[in-house]
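# Summary of structural features
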Amino acid sequence: MVDVPAPRHRALTRARGLALATHAGPTFAVTLVATLLAVAAGVEPGRVVLLCLAVLAGQASIGWSNDWLDADRDRAVARADKPVVQESVSPALLRWSALGAVLLSVTLSLLLGLVPGLLLLLLVASGWAYNAGLKRTAASAVPYLVGFGALPAGVVAAAPETPAAPWWLVASGAALGGAAHLANVAPDLEDDLATGIRGLPHRLGATASAVTGAVLLGAASLLLVLGPPGPPTTAGWAGLVLALPAVVLAALAGTARWRRVAFPAVMLLTVLDVVLLLAGGATVS
C-alpha cells in the first residue's frame, strides 16, 4: 500500500469536505433538473452549458453558506455528517468558498440575460435568506416556494424570444420546493429545536409537516401531468404511478424510522418527473 504524503492527504481531505459541504445530492439534483428543463425549453446548447454552470455555482454557494453559518450549531449537536464537524474544512474556508461561488453564479446568470439571470438568482438569494435566518421563523418555507418557483421561470426565459414559463410549471416547481423543505428538515427536528431553530416544520410538528409535504409532492406531480395542453401522455401516467411511493414515503417522514428516506425520495421523484415530462413531449415554453 502506497502512503499518501501528508500535504497531499490534507488537500484531498479538504477537497472531499468541500464537495460534501455543497450538499452534493440536492445540488446535483437541482442542477440536473434545470439542465433538462433548459433542453426541453429549446435553449441553445451553449446557453444550456452556461445555465448549468450558473445553477451549479449558485447551489454550491447555498450549501457552503449553510455549513459556514451553521458551524457552531452543528458542533453543538455533534453532527458527524458535517465536514466542519469532522474538521476536514474550516468555517473560514466555507465562507470564502461560498462568497466566491455566489459571485460566479451572479456573473454566469447575468450572462444569460437580465430576465433569466435575475430569475435564476432569485433561487440563490432565497437559499441565502433561508440560511441567514428565515429557517428560524414560521416563514421558513417561503424561500423554497419562491426559489423553486422562480427556477423553471428563469430556465424558460433563457430560451429564444424569452418566453414566459407556463403557470403549471412554475406552480409545480413551488410545490416541489415546499415538499423538499418539509422532507429535508424532518431528520433534524430534534437537533434544530435543541439549538433554537423553530421553522414552519417545527411549529407544525412531525406528523402534520410530513402530511403537508406529501400533499405538496402529489400536487406537483399532478400539475406536471395534467397541466400541459392536451390529454396526459403515457409518460405522464407513468409519472403518476412512480409518484405514489414517493408520496407515501413523504407522508411517513413524521415517523423516526422513515425520516431520512423522504428527502432523497422527493429529489429522485423530481428528476424522474422532469425526465418523463421530456419523454412525453410536453411544451414548457
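Everything numeric here is computed off the predicted structure, so don't read it as measured data.

It is worth spelling out the packing of aromatic side chains at this point. Taken as a whole, this structure holds 3 aromatic pairs when the rule is applied. Residues W68 and W128 carry aromatic rings whose centres are separated by 6.4 Å and whose planes lie at 70 degrees to one another, so their mutual orientation is edge-to-face. Here the residue W68 occupies a position in helix α3 (residues 45-69), and W128 occupies one in helix α7 (residues 114-132), the gap between them amounting to 60 residues. For the pair Y144 and F148, a centre-to-centre distance of 6.0 Å together with 20 degrees between the ring planes defines the contact as stacked. Of this pair, Y144 and F148 are both found in helix α8 (residues 142-157), 4 residues apart, which corresponds to roughly one turn of the helix. Through pairs of rings, three or more aromatic residues link up here, namely Y130, Y144 and F148.

A few words on the nonpolar core. Core analysis: the biggest nonpolar cluster contains 55 residues, and V43, L51, V55, L120, L151, V155 and L217 have the highest contact counts within it. Of all the secondary structure elements, the ones that give two or more residues to this core are α2 (24-40), α3, α7, α8, α9 (167-185), α12 (206-226), α13 (234-251) and α14 (259-279). Each residue touching L51, except ones within four places of it in the same chain, is listed here: A34, A38, L112, L120, V155 and A158. Core analysis: the next-biggest nonpolar cluster, separate from the first, contains 14 residues, L18, A71, V124 and W128 among them.

Inspection of the entire model under this criterion finds 7 salt bridges. Where D70 meets R73, a salt bridge forms, and the shortest distance between an N and an O atom there is 3.0 Å. Summarising the burial analysis for this pair, D70 and R73 share the class buried. For R73, the salt bridge is made with D192, and the minimal N-O distance between the two is 2.8 Å. Of this pair, R73 sits in helix α4 (residues 71-76) while D192 sits in helix α10 (residues 189-194), and the two are 119 residues apart along the sequence. Sharing partners across several salt bridges, the network here consists of D70, R73, K135 and D192.

Procedures and definitions
Residues numbered from 1 in each chain as written. Predicted model: local features only at pLDDT ≥ 70, side-chain atom pairs only at ≥ 80, totals over all residues. Heavy atoms only, no water. Phe/Tyr/Trp six-rings, centres within 6.5 Å; stacked < 30°, edge-to-face > 60°. Helix = DSSP H or I, 4+ residues; strand = E, 2+ residues; numbered from the N terminus. Core = buried A, V, L, I, M, F, W, Y, C linked by side-chain atoms within 4.5 Å. Buried < 20%, exposed > 50% of the residue type's maximum accessible area, 1.4 Å probe, protein only. Contact = heavy atoms within 4.5 Å. Salt bridge = Lys/Arg side-chain N within 4 Å of Asp/Glu carboxyl O.

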